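# A look at the structure
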Amino acid sequence: MVGRTVAQEVARRDYADVGIVDIVENLPQGIALDINQAGPVLGYETNVTGSNVYEETAGSDVVVITAGVPRKPGMSRDDLVTTNEKIVGSVTEQAIAHSPDSILIVVSNPLDAMCHVAKNVSSFPRERVFGQAGILDTARFRTFIAQETGTSGKDVQALVLGGHGDQMVSIVSATTVGGVPLAKLVAGDRIDELVERTAKGGGEVVQLLGTSAWYAPGAATAQMVHAVMLDEKRVLPCTAYLEGEYGIDGLYMGVPVKLGTGGIEGIVELDLTKDEQTMLQESAGAVREVVAVLDQSG
Ligand code: 2OP
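These figures come from a predicted structure and were not determined experimentally.

Rules used throughout
Residues numbered from 1 in each chain as written. Predicted model: local features only at pLDDT ≥ 70, side-chain atom pairs only at ≥ 80, totals over all residues. Heavy atoms only, no water. Pairing = 2+ DSSP bridges. Helix = DSSP H or I, 4+ residues; strand = E, 2+ residues; numbered from the N terminus. Patch = residues over 30% accessible without salt bridge, like charges linked within 9 Å, V, L, I, M, F, W, Y side chains within 5 Å. Areas by Shrake-Rupley, 256 points an atom, 1.4 Å probe, with all protein chains shown as cover. Salt bridge = Lys/Arg side-chain N within 4 Å of Asp/Glu carboxyl O. Expected span 1.5 Å × (residues − 1). Buried < 20%, exposed > 50% of the residue type's maximum accessible area, 1.4 Å probe, protein only. Domains from an automatic or database assignment. Contact = heavy atoms within 4.5 Å. Buried area = accessible area lost by both parts, 1.4 Å probe. Lys, Arg positive; Asp, Glu negative; His and termini not counted. Charge placed at Lys NZ, Arg CZ, Asp CG, Glu CD. Arc of directions from axis to C-beta. Near = heavy atom within 4 Å. Polar contact = N/O pair within 3.5 Å; in protein donor to acceptor, adjacent residues only side chain to side chain. Axes fitted to C-alpha atoms, helices over the stretch in contact; angles between N-to-C directions. Left-handed = near helix turned anticlockwise from the far one by under 90°. Nonpolar A, V, L, I, M, F, W, Y, C, P; charged D, E, K, R; others polar.

Turning our eyes to something else, we now look at the sheet that holds strand S6 (residues 156-157). Reading across the sheet, the three strands line up as S6-S9-S10 and stay open at both edges, with antiparallel pairing between neighbours. Of all the strands in the sheet, the pair left with one neighbour each is S6 and strand S10 (180-181). Bridge count for S6 against strand S9 (residues 176-177) is two bridges, and the pairing is antiparallel. The residue of S9 that forms the bridge with Gln 157 is Thr 176.

Quick look at the structure:
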């Protein structure tokens with residue numbers, strides 16, 4: 001469901017061909033046809049194709065990997081690691097065989113570990129393999145803050161970093177509403193509740209729907225595709241392979257990055273509070289535990 005949502009969001013922007021691949025016969029073809037038929041109404045002329053093989057995606061600039069099984073109620077993202085490692089590994093291999101110069105954006109869970117799989121299988125440089133999580137997690141935090149303060153989510157600036165799991169780190173010191181620090185607007189214990197709800201935000205949707213979310217994850221991923229395709233140089237939280245930044249080495253984690261045509265064109269290092277630094281290290285520890293379960297944890 002995330003894949004088709006990204007496809008639709010990108011199609012609406014009207015500047016790129018979109019290819020949807022799925023192993024289920026007729027499914028990607030049907031989705032592509034449906035998205036094409038929305039074009040005359042919504043005002044785009046994007047050519048969307050659906051296929052069960054990768055040939056049609058040859059020469060893609062960006063490959064978004066959403067394949068894998070989603071969570072069911074009661075499951076953590078980490079419960080998916082062994083099944084999705086095989087799926088993401090195989091998808092990466094087939095996709096890059098036809099698009100060797102592409103940028104890979106990973107969405108499959110457990111996200112941080114699946115980024116390791118895509119990087120190991122592709123051997124692409126870190127600039128061209130990264131994951132979507134931070135924009136989604138931050139959007140959840142922004143939504144809750146907007147509801148709490150009765151303001152537009154558009155004016156809430158926030159940042160959620162770390163692994164895409166229960167130990168993600170909401171950076172309250174960098175969170176403002178219309179430029180006013182959140183701590184001036186909302187009591188500390190209430191902020192803690194919003195932070196907690198954000199960390200469990202994906203699970204809250206899973207409980208309601210019986211499967212994981214797709215609208216917000218799809219929108220977040222499309223924003224990343226957009227930043228790359230239009231060379232926007234946006235500074236957005238993404239899951240990047242760290243090589244010493246934030247004191248973390250050899251691990252995928254959510255940090256602010258600059259996104260443009262080259263993919264990750266820079267990693268932005270913020271001054272975090274002592275508590276935030278500690279929480280980020282703890283989040284890294286949790287990600288390392290999942291990565292260690294991979295066959296090729298390299
Ligand atoms: C989420 O947090 C699917 O992991 C994604 O909703």
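This brings us to a nonpolar patch on the surface. A contiguous nonpolar surface patch, about 290 Å² in accessible area, is contributed by Ile 23, Val 24 and Leu 27. Its place among the elements puts Ile 23 in the loop between strand S1 (18-21) and helix H2 (27-42).

An ideal rise of 1.5 Å per residue puts 22 Å on 16 residues; helix H5 (residues 134-149) measures up with 22 Å between its terminal C-alpha atoms. What H5 keeps buried is the set Gly 134, Ile 135, Leu 136, Asp 137, Thr 138, Arg 140, Phe 141, Phe 144, Ile 145 and Ala 146. Gly 150 occupies a position one or two residues after H5 and carries a positive phi of about 65°.

Take the pairing of strand S13 (residues 263-267) next. Within a regular strand, the side chains alternate between the two sheet faces. As defined by bridge partners, strand S12 (residues 249-260) adjoins S13 across four bridges and the pair is classed as antiparallel. By the bridge assignment, Gly 260 is partnered in S13 with Gly 263.

The assigned domain composition of the protein chain is domain 1 (2-131) and domain 2 (134-297). Measuring from the centre of the C-alpha atoms in domain 1 to the corresponding centre in domain 2 gives 21 Å. Counting residues at the interface gives 41 residues for domain 1 and 51 residues for domain 2. Both faces considered, domain 1 and domain 2 share a buried interface measuring about 3600 Å² in area, 64% of it formed by carbon and sulfur atoms.

Once that is clear, we can look at a negative patch on the surface. Residues Asp 78, Asp 79, Asp 166 and Glu 289 make up a contiguous surface patch of negative charge. Mapped onto the fold, Asp 166 is located in the loop between strand S7 (160-161) and strand S8 (169-170).

This paragraph deals with helix H8 (residues 201-209). Taken as a whole, H8 has its buried residues at Gly 201, Gly 202 and Val 206. For H8, the buried positions fall inside an angular range of 140° around the axis, keeping them on one side. Set apart from the buried face of H8 by more than 90 degrees, the exposed residues are Gln 207 and Leu 208. Tucked inside the fold, the buried residues of H8 contact H5 and helix H7 (188-199). Of the residues flanking the end of H8, it is Gly 210, one or two places downstream, whose phi is positive at about 80°.

Glancing now at the site of the ligand. Around the ligand, the structure places Arg 77, Asn 109, Leu 136, Arg 140, His 164, Gly 202, Ser 212 and Ala 213. Residue Arg 77 places a side-chain N or O atom 2.7 Å away from an oxygen atom belonging to the ligand. Between His 164 and the ligand, the recorded distance is 2.8 Å, taken from a side-chain N or O atom to an oxygen atom. Here the ligand has 220 Å² of accessible area as a free molecule, and 93% of this is covered by the chains.

Turning to the side chain of Asp 112, a few remarks are in order. Mapped onto the fold, Asp 112 is located in helix H4 (residues 111-122). One buried charged side chain, Asp 112, makes no salt bridge at all; its nearest oppositely charged neighbour is Arg 77, positioned 7.6 Å away. Once residues lying within four places of it in the same chain are set aside, the contact partners of Asp 112 are Gly 162, Gly 163, His 164, Thr 239, Tyr 252, Met 253 and Val 287.

Time to look at the packing of H5 against H7. Here H5 crosses H7 at 145°, and the two axes come no closer than 9 Å. Between H5 and H7 the crossing geometry is right-handed. Residues Asp 137, Arg 140, Phe 141, Phe 144, Ile 145, Gln 147 and Glu 148 of H5 pack against Arg 190, Leu 194, Val 195, Arg 197 and Thr 198 of H7. Across the contact of H5 with H7, the residue classes break down as five nonpolar, two polar and five charged.

Tracing the backbone shows Ile 65 in strand S3 (residues 62-65). In sequence terms Ile 65 and Leu 27 are 38 residues apart; their C-alpha atoms lie 17 Å from each other. Apart from the residues lying within four places of it in its own chain, the contact partners of Ile 65 are Val 88, Val 91, Thr 92, Ile 105, Val 106, Val 107 and Ser 108.

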